[in-house]
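Topology and contacts: notes
Listed here are the chains, written in short residue letters.
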Amino acid sequence: VKLDEIQKGVHCPVCGQLPLLYRKAKWYCSVCEANQEMAVYHSLEDYQLLVSEMITNKQLRNFLQLKTSAQASRILNRFAQPTSKRTTFSLPPLL
């Protein structure tokens with residue numbers, strides 16, 4: 001699977017809507033109105049299984065359709081481990 005063939009963004013774990021909106025530190029679904037703090041977890045699993053276990057801030061912003069590097073940094077700091085290069089992060093095995 002090529003990265004450009006994958007639908008990007010955080011998907012709703014309740015109804016599958018893509019993409020979710022990021023509001024007040026939670027992911028909001030405009031279809032079912034679910035507020036999911038951990039919705040990004042499933043999208044990181046998808047990235048890990050389909051693309052790579054390694055990810056950069058820029059790759060994460062592109063894959064999740066994030067607006068700022070600060071948003072990506074918060075997610076990476078919470079769910080991934082920095083490598084020795086400090087610009088690449090390792091996603092834990094099958095999160």
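Note: the structure precedes this text.
Here's a quick rundown of the structure. The shown structure was predicted, so the numbers you read here are calculated from the model rather than taken from an experiment.

As for the sheet that holds strand 5 (residues 81-82)
Reading across the sheet, the 3 strands line up as 4-6-5 and stay open at both edges, with antiparallel pairing between neighbours. At either end of the open sheet lies a strand with only one pairing partner, and these are strand 4 (54-56) and strand 5. Looking at chain direction, strand 4 and strand 6 (residues 88-90) are connected through 3 bridges and run antiparallel. Bridged to Met54 within strand 6 is Ser90.

Notes on the side chain of Gln48
Along the chain, Gln48 turns up in helix 1 (residues 39-50). Judged by relative accessible area, which is 8%, Gln48 ranks as buried. Of note is the side chain of Gln48, whose polar atom sits 2.7 Å from the backbone oxygen of Pro92.

Cut-offs applied
- Residues numbered from 1 in each chain as written.
- Predicted model: local features only at pLDDT ≥ 70, side-chain atom pairs only at ≥ 80, totals over all residues.
- Heavy atoms only, no water.
- Pairing = 2+ DSSP bridges.
- Helix = DSSP H or I, 4+ residues; strand = E, 2+ residues; numbered from the N terminus.
- Buried < 20%, exposed > 50% of the residue type's maximum accessible area, 1.4 Å probe, protein only.
- Polar contact = N/O pair within 3.5 Å; in protein donor to acceptor, adjacent residues only side chain to side chain.

Don't take any of this as a statement about function, it's just geometry.
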